[in-house]
Amino acid sequence: MEKLYGKQTRLAEENFRLGGRKVNSGLIYAMVEVKKAAAMTYQKLLPEKRELYQAMERACDVILAGRQQEGSIAGIPFEQVFVTEALQGGAGTSTHMNVNEVLATLAEKELCKQHGVTESGEAEWVHPLDDINRGQSTNDVYPTALRIAAIQKLRVLSEECAMLQTALQEKENQYDVVKKLGRTELMDAVPITLGNEFGAYAQAIARDRWRLYKVEERLRQTNLGGTAVGTGDNSSHKYQAMVIENLRDITGIGLALAEYPMDMTQNQDVFVEVSGLLKALAVNLMKIANDLRLMNSGPDGGLGEISLAKMQAGSTIMPGKVNPVMAEMTMQVSMKVMANDMAITMAAAHGEFELNAFLPLVADALLESLELLTGTVRLFREKCVKTLEAHEKRCRELLERSHAFATEYTKRLGYDNVAELVEKYGENSAQIKEKLKELAREEDR
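Residues numbered from 1 in each chain as written. Predicted model: local features only at pLDDT ≥ 70, side-chain atom pairs only at ≥ 80, totals over all residues. Heavy atoms only, no water.

A. Here's a closer look at the overall build of the chain. Across its full length, the chain carries 15 helices and 8 strands. For the chain, whose C-alpha radius of gyration is 29 Å, the value lies well above the compact-globule estimate of 22 Å for 445 residues. In terms of overall dimensions, the chain has a C-alpha envelope of 105 × 50 × 35 Å along the principal axes. Classification of the 445 residues of the chain by burial places 49% in the buried group. (Helix = DSSP H or I, 4+ residues; strand = E, 2+ residues; numbered from the N terminus. Rg over C-alpha atoms; globule rule 2.2 N^0.38 Å. Buried < 20%, exposed > 50% of the residue type's maximum accessible area, 1.4 Å probe, protein only.)

Here it is, written out as structure tokens:
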């Protein structure tokens, strides 16, 4: 099969043969959007090379069309065109070179076609660095692409959080009259409603949704045009202004050149911030999923206050056993996101002097977390929250067997008096309740 990339990509393919994941496709597509913005810019800045950069723009469109063509680039599977490993040395240079070489090949094909020339197999009119990479560097293209990819995925995740919030609020309203036992430290506490619990869950997810929405503001700042270290070597002020404007039009994102591009080149704390907010969402998802697991426990030896939908057989040896698999999946994804957050933290902290060489790890972990959470929030909503059912009778039974009612008497009778009664008649809730009412009546006389 024809290879669209060249020598530098082949070297990277050989050097980083980890057998792991390839670079996230969202990052590749975002990088091509950056390249398209550059091609559009140079059509105006270099009118003598307009034909070349028109061909480059069309090459970008061929790749971007792969989003709607099941990952096919000019009839070749995406994974056979963009072949670099997610984890690589060189701050992402290998992936950037892969994109440059593919675009050079596709643009060359376009020019050969226009001029009726037979393709030689080697680029003669289009150079992957002198032309495709003009006025650019891995150090401004790669982080800009990561910001774009992160924003695109954040927007989808934020919408999923909004729908999960709505689903939880629907359960809040549906079960607002189902009285149950509230628990603190897994011990009986005070009476609440099942709706109260779902209302609290909805509030937590609402905060996550708002945080993810707001953090986009800081991701919109970019160092594009700053080239190697943010000072704009081999670039121009006209290019910097025009390329950002073109990129805004292409992506639909309100991107802006940072006031101090060197800061964006050196420091990756914004990605740490985004990851921290993803971790916060993971924390809330884990808490909610675990609560549902506990309320679902049983069916005979557990709490049994709710039933989660039966998704699949739960055991290869115990007939009839069903596990809370959607809640368990949600918790595992949350653990993975927390682990990714630690990796991002460590990678961002190792940005020595003018560049962070470990941005490929940041990109891989951050985009993975975004994708995992997006899928998980959707599945958790569809197959866990919306399908669960309450057992009102069981909720009432556990509440009535507890001493939760005793708390409301402490203000009138005093903590010590109530505690003494609970301890004395500990196994007989009805008797405790009767004694407390009796004492309350005497207090009222």
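After that view, the rundown keeps rolling.
B. Molecular detail of the pairing of strand β4 (residues 187-193). Judged from the 5 bridges that link them, strand β3 (residues 179-184) and β4 form a sheet pairing that is antiparallel. Each bridged residue has a counterpart across the sheet, and for K179 the counterpart in β4 is T193. Between β3 and β4, which pair antiparallel in sequence order, lie 2 residues; one of them, E185, sits at a positive phi of approximately 55°. (Pairing = 2+ DSSP bridges.)

C. Structural view of the packing of aromatic side chains. Counted by the stated rule, this structure contains 7 aromatic pairs. With a centroid separation of 5.3 Å and 35° between ring planes, the pair formed by Y42 and Y53 is classed as tilted. Of this pair, Y42 sits in helix α2 (residues 25-45) while Y53 sits in helix α3 (residues 50-64), and the two are 11 residues apart along the sequence. Residue classification places Y42 among the buried positions, given a relative accessible area of 6%. Residue classification places Y53 among the buried residues on the basis of a relative accessible area of 1%. Between the aromatic rings of Y42 and Y239, the centroid separation amounts to 5.1 Å while the plane-to-plane angle is 15°, which identifies the pairing as stacked. With Y42 in helix α2 and Y239 in helix α7 (residues 237-251), this residue pair connects regions lying 197 residues apart in the sequence. For the residue pair Y42 and Y239, the accessibility class agrees, reading buried in each case. (Phe/Tyr/Trp six-rings, centres within 6.5 Å; stacked < 30°, edge-to-face > 60°.)

D. Region of interest: the pattern of salt bridges. Applying the stated criterion to the full structure yields 28 salt bridges. When the shortest N-O distance is used, the salt bridge between E368 and K336 registers 3.8 Å. Of this pair, E368 sits in helix α11 (residues 359-385) while K336 sits in helix α10 (residues 325-349); the two residues are 32 residues apart in sequence, bridging distant segments of the chain. Exposure remark for E368: the relative accessible area of 16% places this residue in the buried category. Overall, K336 belongs to the partly exposed group, its relative accessible area being 35%. Shared partners join several salt bridges into a network, and the residues in it are R21, K336, D364 and E368. (Salt bridge = Lys/Arg side-chain N within 4 Å of Asp/Glu carboxyl O.)

E. Region of the structure containing the nonpolar core. Ranked by internal contacts, the top residues of the largest apolar core, which has 106 residues, are L278 and L292. If you tally residues by element for this core, the top one is helix α5 (residues 138-174), at 14 residues. (Core = buried A, V, L, I, M, F, W, Y, C linked by side-chain atoms within 4.5 Å.)

F. Here's a closer look at the environment of L4. By secondary structure assignment, the location of L4 is in the segment before α1 (7-15). Look at L4 and you get buried, because its relative accessible area is 2%. In the structure, L4 is positioned 242 residues away from N246 in sequence and 26 Å away in space, judged by C-alpha atoms. Not counting chain neighbours up to four residues away, the residues in contact with L4 comprise I73, I76, V81, E101, V102, T105, L106 and K109. (Contact = heavy atoms within 4.5 Å.)

G. Molecular detail of the packing of helix α9 (residues 269-296) against α11. Running from N to C, α9 and α11 point in directions that differ by 30°, and their axes come no closer than 11 Å. Here α9 is positioned roughly parallel relative to α11, judged by the angle of their axes. As α9 runs across α11, the sense of the crossing is left-handed. Within the contact between the two elements, α9 uses F271, V274, S275, L278, L281, L285, I288, A289 and L292 and α11 uses L359, V362, L366, S369, L370, L373, V377, F380 and C384. Of the residues assigned to the contact of α9 with α11, the class counts are 16 nonpolar, 2 polar and no charged. (Axes fitted to C-alpha atoms, helices over the stretch in contact; angles between N-to-C directions. Parallel < 35°, antiparallel > 145°, perpendicular 65-115°, else oblique. Left-handed = near helix turned anticlockwise from the far one by under 90°. Nonpolar A, V, L, I, M, F, W, Y, C, P; charged D, E, K, R; others polar.)

H. Focus on the packing of α2 against helix α4 (residues 93-115). Following both chains from N to C, one finds α2 and α4 inclined at 60°, their axes separated by 11 Å at the closest point. With respect to α4, the axis of α2 lies oblique. As α2 packs across α4, the resulting crossing turns out to be right-handed. Only T95, H96, V99, N100 and L103 of α4 make contact with α2, whose side of the interface consists of I28, M31, V32 and K35. For the contact of α2 with α4, the residue count by class is 5 nonpolar, 3 polar and 1 charged.

I. Structural detail: the environment of G252. The residue G252 is located in the loop between α7 and β6 (256-257) in this model. Given the relative accessible area of 53%, G252 is considered exposed. Each C-alpha atom of the pair G252 and I148 lies 10.0 Å from the other, and the pair is 104 residues apart in sequence. Aside from chain neighbours lying at most four places away, what touches G252 is R155 and L247.

J. Region of interest: the state of the cysteines. The full count for this structure, using the stated rule, is 0 disulfides. Summary of cysteine pairing: C384 is not part of a disulfide, and the nearest cysteine sulfur, belonging to C161, is at 15 Å. With no disulfide of its own, C395 lies 16 Å from the sulfur of C384, the closest cysteine sulfur. C395 gets classed as buried once you look at its relative accessible area, which sits at 0%. (Disulfide = S-S within 2.5 Å.)

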